[in-house]
Amino acid sequence: MASPSVSFRISRHTEDLAITLHALSQRLVALEQRLDCLDSEMHHERANGADPEDLARLDKAESLLRDCRQLLESEPAGLLEASGSTGLATFKVAAEESASAAAKENVREWDAA
C-alpha cells in the first residue's frame, strides 16, 4: 500500500485538476453564451438591412468598376500604344479624354480619395 504522503499528493493533484476542469468548463459556457449573443446580434443586423452608407459606397465602387471596364473594352491597346507608356497617370489622362461625363466625374472622385 502507498505511503500516506503519496496518497495525499495524489488526492491534492486530483483536486487541483478538478478545480481547473471546473474553471475551464465555466469559461467554455461563458464563451458559448457570448458566441450565441454575437450570432443573434449579427442575424438581427442582417434582418434590419444593410447600412445605407455601405450601400452607397458599394454603388460608387460598382460604378467605377463599370466605367473602367468600358474604358478597357473601348480601346485598350490603342490608349496604351498611343501614350507610349503604361503609367497610371497617362492612362487616367487618356481615360478623361475619351470617357463620358459620368466617367470623368468618377475619375475626379477617385483622384480625390
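Since we're looking at a predicted model, the values are computed, not measured.

### Quick notes on the overall build of the chain
When you go through the chain residue by residue, the secondary structure sums to 5 helices and 0 strands. Traced from its N-terminal end to its C-terminal end, the chain shows the element sequence α-α-α-α-α. Within the chain, the proportion of its 113 residues that are buried is 9%. Surface exposure of the chain reaches about 9,400 Å², of which carbon and sulfur atoms provide 60%.

### Some points on helix H1 (residues 4–48)
Under the 1.5 Å per step criterion, the end-to-end length of H1 is 66 Å for 45 residues, consistent within 8% with the ideal 66 Å. Positioned one or two residues after H1, Gly49 has a phi angle of 100°, which is positive.

### Side note on the pattern of salt bridges
With the rule as written, the count across this model stands at 3 salt bridges. Close ionic contact of Glu15 with Arg12 constitutes a salt bridge, the shortest N to O distance being 3.8 Å. With Glu15 and Arg12 both in helix H1, this residue pair falls 3 residues apart, about one helical turn. The class of Glu15 is partly exposed, set by a relative accessible area of 41%. On the basis of relative accessible area, Arg12 is assigned to the partly exposed category, the value being 41%. Where Glu62 meets Arg66, a salt bridge forms, and the shortest distance between an N and an O atom there is 3.8 Å. Pair noted here: Glu62 and Arg66 are both in helix H2 (residues 52–74), with a separation of 4 residues, about one helical turn.

### Examining H2
For H2, built from 23 residues, the straight-helix expectation of 33 Å at 1.5 Å per residue is met to within 8% by its first-to-last C-alpha distance of 33 Å. Residues of H2 that are buried: Ser63, Asp67 and Leu71.

What counts and what doesn't
- Residues numbered from 1 in each chain as written.
- Predicted model: local features only at pLDDT ≥ 70, side-chain atom pairs only at ≥ 80, totals over all residues.
- Heavy atoms only, no water.
- Helix = DSSP H or I, 4+ residues; strand = E, 2+ residues; numbered from the N terminus.
- Buried < 20%, exposed > 50% of the residue type's maximum accessible area, 1.4 Å probe, protein only.
- Areas by Shrake-Rupley, 256 points an atom, 1.4 Å probe, with all protein chains shown as cover.
- Expected span 1.5 Å × (residues − 1).
- Salt bridge = Lys/Arg side-chain N within 4 Å of Asp/Glu carboxyl O.

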